[in-house]
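Residue-level listing of the chains:
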Amino acid sequence: MKTRLNYVWGYALAVLFCACGNTNDTGKSADTNVKSQQGLNPDIERKVDSLLSLMTLEEKIGQMNQYTGFWEVTGPTPSEGNQALKYEHLKKGWVGSMLNVTGAKEVTALQKIAVEETRLGIPLIIGFDVVHGYKTVSPIPLAEAASWDLEAIQRSAEVAAKEAAASGINWTFAPMVDISRDARWGRVMEGAGEDPFLGSKIAIARVKGFQGDDLSANSTIAACAKHFAAYGFPESGKDYNTADLGTSTLYNVVLPPFKAANEAGARTFMNSFNELNGIPATGDAFLQRQILKGDWNFNGFVVSDWGSIGEMIAHGYAKDGKEAAKIAANAGSDMDMESHLYVEHLSQVVKDGDVKEAYIDDAARRILRLKYELGLFEDPYKYSNETNEANVVGSTEIQEAVLDMAKKSIVLLKNDKQLLPLKKEGLNIAIIGALANDKTSPLGNWRLGAKNGTAVSLLEGLQAYKGNTITYVQGPNFVENDIVFSRQLEFNISNKKGLQEAVSAAKNADVVLMALGEHAMQTGEGRSQANIEMDPLQQELLEAVHKANPNVVLVLSNGRPLAINWANENIPAILETWHLGTQSGNAIAQVLYGDYNPSGKLPMTFPRNVGQVPIYYNHKSSGRPNEPSPGEVFWSHYTDESNSPLYPFGYGLSYTSFEYSNLQVSNVENNSVKVSGTVTNTGAYSGKEVVQLYIHDLFASVTRPIKELKGFEMISIEPGTSQTVTFTLTEKELGFYDNQGNYIVEPGDFKVFVGGSSASGLESEFTIN
Ligand code: BGC
């Protein structure tokens, strides 16, 4: 018998087709919007209603219009062209929000126009991509996810919010909660990896970190769960590309982190550039009105992605700007980021009867509600106080939090012969590679608020330890231009000078640190790659140095899983350091010297070969999972590559070693199961281990993955001691979404695994009756 739980995602598959095929028929959703008013602050609701009653249609649509910063507000006012038009809109009260305006002085000047020069004096909400820090940068989100440390991740978002809020920002376009299984996709750096369970926990931590307990405090900002939905599943890993997904993957993999973000109280969502099953997400009423605002009772607002309303024309979904505005508004996109189509067309569209005014009221209400919640009506300048800004930005508190996060994000991939940690005295160390003294690349891709050159480089981090002799050779160089705003990438790697110098330095060293991988602008938006190996010049350098001196530690910086087979086979020690932010060099040095014992675990599978992608641990079995007999060809495999990954999801070493024993499983009442296991530190260092629990539902009405993460706990253990970890699995962990979006728990047999990665550990079983 199936157990049907309360959180049913409502509509049957028929509704999927009906809703997607006719985004203008959203009558049903209007009712669900009424439902979404539950649980709100009645005082704020009264204020919003009374303000709405004073507003003209154009002013309400104005709240739905968002522009990027278009002039230096403290300078002369724009008088020509598009800027003059935007300025005119601002003064008419036709702009509800602006993004990319930062700094207490600028924001104050801007708010002054909105508050003092418009008819109703409605303050603006100021948005910015505080994705991994603002001016003080924390590790890229994929790196943070590798910590599996929810407290540290929450703290990282909390200090980012504090620093950004001190600069006038009250809304971040983060967290990105897109699950992705494709290392080619440049934006994997911005998410939490491939797993919906870990991704959901991290989504919650980030939302809580940004928003805190009191959104109106001047140290918290509104979060934005993005990109709704399936942006992480572009065909061929190519950014913005088509997503075509079955309902099983949509409900069980893509949507859970968004649902979790909503339950954690995320006040905004951003829709996405991609189409999903033939409907651009921006124009998808099924996603936005039925699932998000309907079934999930989301009562914040949805912002479009940059220009995504207008892009529905290129998608072949809307014939012109007016139709695009109509489709997006009907589908539940509340705010237009930089398409300019709402402000241009929506009033006429409403007058033509093509969008109900009730939808405009609903969108404006959601936006105004957040402005009240942020306290902007009480004091529009509360986030933009120059004294507070000077005290908070770059403060010791924030530096310490990002350093802590950076250390926790590092993953030890290999450590043969215990090459690490390094001795603190008496060594000749050669440090080689273009990333060794790079003070910009560690800042990662989303460093809009930070100044280039402000990260502590690896070389600087090492120089803080005085006991060893350090020789630095840059070797062949990459060039990363100052491209953050122009978003142009110039990558010049035809320069081989430096290779010989590197080889000579290696010959004279006791140990060689090779700082290689990707610079920050090789990942991120618009930066998908068909090739995920190390580039040929760095590979040549690595091989040449290794030939001269085999005692090599590869310190890898990158924003995506890389296929580094040769390194894995030949280099004795490999440390995954991602792009770790402002404190990067200090964090890496502390790990290399053993002042911090690495504890990170991969949040995404590393393939051996790009041809294996998408490769992920929680895949299905297929009807032919095993080689029937040696040499047999008719089973699910490649004839030229193994099925196994290079490094599996959840994998990561420590300077100490852990042993798992004594797995116990006991059924408790009401379909809940207790699972416990003992972990012993069998090495010489105290260390932290992320104990992971996976299940496999052996037979189900919709086939289940061969393993699914359903619990994890980080423990600290002293050498020679043991700890027992107990997990309780309930219906929340034991069920799944069927193809109609109903959450069900089915009776049957399960396997359970407890270990230090998705590919190792103890195994047992239990039955749900
Ligand atoms: C990105 C969003 C981002 C927005 C504003 C878009 O190109 O896809 O994630 O928040 O720009 O910068």
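Residues numbered from 1 in each chain as written. Predicted model: local features only at pLDDT ≥ 70, side-chain atom pairs only at ≥ 80, totals over all residues. Heavy atoms only, no water.

## Some details on the site of the ligand
Around the ligand lies a shell formed by Leu99, Asp129, Phe173, Arg187, Lys226, His227, Met270, Phe273, Asp305, Trp306, Met337 and Glu525. Within the contact set of the ligand, an oxygen atom lies 2.7 Å away from a side-chain nitrogen or oxygen of His227. Asp305 has a polar side-chain atom sitting 2.6 Å from an oxygen atom of the ligand. Contact with the protein chains removes 96% of the 310 Å² of surface that the ligand exposes when unbound. Residues belonging to the shell around the ligand are distributed by class as follows: six nonpolar, one polar and five charged. (Near = heavy atom within 4 Å. Polar contact = N/O pair within 3.5 Å; in protein donor to acceptor, adjacent residues only side chain to side chain. Areas by Shrake-Rupley, 256 points an atom, 1.4 Å probe, with all protein chains shown as cover. Nonpolar A, V, L, I, M, F, W, Y, C, P; charged D, E, K, R; others polar.)

## Notes on the pattern of salt bridges
Per the stated rule, a full pass over the model turns up 36 salt bridges. When the shortest N-O distance is used, the salt bridge between Lys226 and Glu190 registers 3.5 Å. Linking Lys226 in strand E6 (residues 224-228) with Glu190 in the loop between strand E5 (171-172) and helix H9 (196-211), this pair joins segments that are 36 residues apart in sequence. Per residue, the accessibility class of Lys226 equals that of Glu190, and both read buried. We note a salt bridge from Asp404 to Lys408, for which the minimum N-O separation is 3.0 Å. Placement of both Asp404 and Lys408 in helix H18 (residues 396-409) is noted, with a separation of four residues, approximately one turn of the helix. Owing to a relative accessible area of 29%, Asp404 belongs among the partly exposed residues under this scheme. The network of salt bridges with common partners includes Asp129, Arg187, Glu190, Lys226 and Glu525. (Salt bridge = Lys/Arg side-chain N within 4 Å of Asp/Glu carboxyl O. Helix = DSSP H or I, 4+ residues; strand = E, 2+ residues; numbered from the N terminus. Buried < 20%, exposed > 50% of the residue type's maximum accessible area, 1.4 Å probe, protein only.)

## Focus: the packing of helix H10 (residues 247-254) against helix H11 (residues 256-263)
It is at 5 Å that the axes of H10 and H11 come closest, and there the two elements cross at 40°. Comparing the axis directions of H10 and H11 gives the class oblique. Of the residues in H11, those touching H10 at Leu250, Tyr251, Asn252, Val253 and Val254 are Pro256, Pro257 and Phe258. Of the residues in the contact of H10 with H11, the class split is seven nonpolar, one polar and no charged. (Axes fitted to C-alpha atoms, helices over the stretch in contact; angles between N-to-C directions. Parallel < 35°, antiparallel > 145°, perpendicular 65-115°, else oblique. Contact = heavy atoms within 4.5 Å.)

## Structural notes on H9
Taking 1.5 Å per residue as the helical rise, H9 with its 16 residues ought to reach 22 Å, and the 22 Å between its terminal C-alpha atoms agrees with that figure. Burial of H9 is extensive: 13 of the 16 residues sit out of reach of the surface. At the C-terminal side of H9, Gly212 shows a positive phi close to 60°. (Expected span 1.5 Å × (residues − 1).)

## Re the side chain of Asp535
Within the secondary structure layout, Asp535 lies in the loop between strand E15 (511-517) and helix H21 (536-548). Within the structure, the side chain of Asp535 is placed 3.1 Å from the backbone nitrogen of Leu537, a separation counted as a polar contact. At 2.5 Å, the side chain of Asp535 forms a polar contact with the side chain of Gln538.

## Here's the deal with the packing of aromatic side chains
For the structure shown, the criterion picks out 28 aromatic pairs. Seen in terms of ring centroids, Phe228 and Phe258 are 5.0 Å apart; in terms of plane orientation they differ by 70°. Their pairing is edge-to-face. Of this pair, Phe228 sits in strand E6 while Phe258 sits in helix H11, and the two are 30 residues apart along the sequence. Taking the relative accessible area as the measure of exposure, Phe228 reaches 1% and is therefore buried. Since its relative accessible area comes to 0%, Phe258 is described here as buried. Taking the centre distance of 6.0 Å and the plane angle of 65° together, the rings of Tyr231 and Phe273 count as edge-to-face. Taken together, the residues Tyr231 in the loop between E6 and H10 and Phe273 in the loop between strand E7 (268-271) and strand E8 (275-276) connect sequence positions 42 residues apart. (Phe/Tyr/Trp six-rings, centres within 6.5 Å; stacked < 30°, edge-to-face > 60°.)

## So, the nonpolar core
Phe228, Phe269, Ile432, Met514, Leu554, Trp578 and Leu592 are the most contacted members of the largest nonpolar core, which has 179 residues in total. Of the residues forming this core, the biggest block, six residues, is contributed by E15. Excluding residues within four positions of it along the chain, Phe228 makes contact with Leu255, Phe258, Phe269, Met270, Asn271, Ser272, Ala281, Leu287, Gln288, Ile291, Leu292 and Trp296. Core analysis: the second largest hydrophobic core is formed by 18 residues, Phe70, Trp94, Val107 and Leu110 among them. (Core = buried A, V, L, I, M, F, W, Y, C linked by side-chain atoms within 4.5 Å.)

## Considering the pairing of strand E14 (residues 469-473)
Sheet topology places strand E13 (residues 428-432) next to E14; five bridges connect them, and they run parallel. Residue pairing in the sheet places Ile432 in a bridge with Val473 of E14. The parallel pair E13 and E14, bridged by helix H19 (residues 458-463), forms a crossover whose chirality is right-handed. (Pairing = 2+ DSSP bridges. Right-handed = clockwise from strand over helix to strand, strands pointing away.)

## Some words on helix H15 (residues 341-351)
Most of H15 is tucked away, with eight of its eleven residues classed as buried. Those residues of H15 that sit buried are Leu341, Tyr342, Val343, His345, Leu346, Ser347, Val349 and Val350. Buried residues in H15 make contact with helix H4 (57-63), strand E2 (65-68), helix H5 (81-92), helix H14 (321-331), strand E11 (336-337) and helix H16 (357-373). Directly after H15, the chain includes Gly353, whose backbone phi takes a positive value near 85°.

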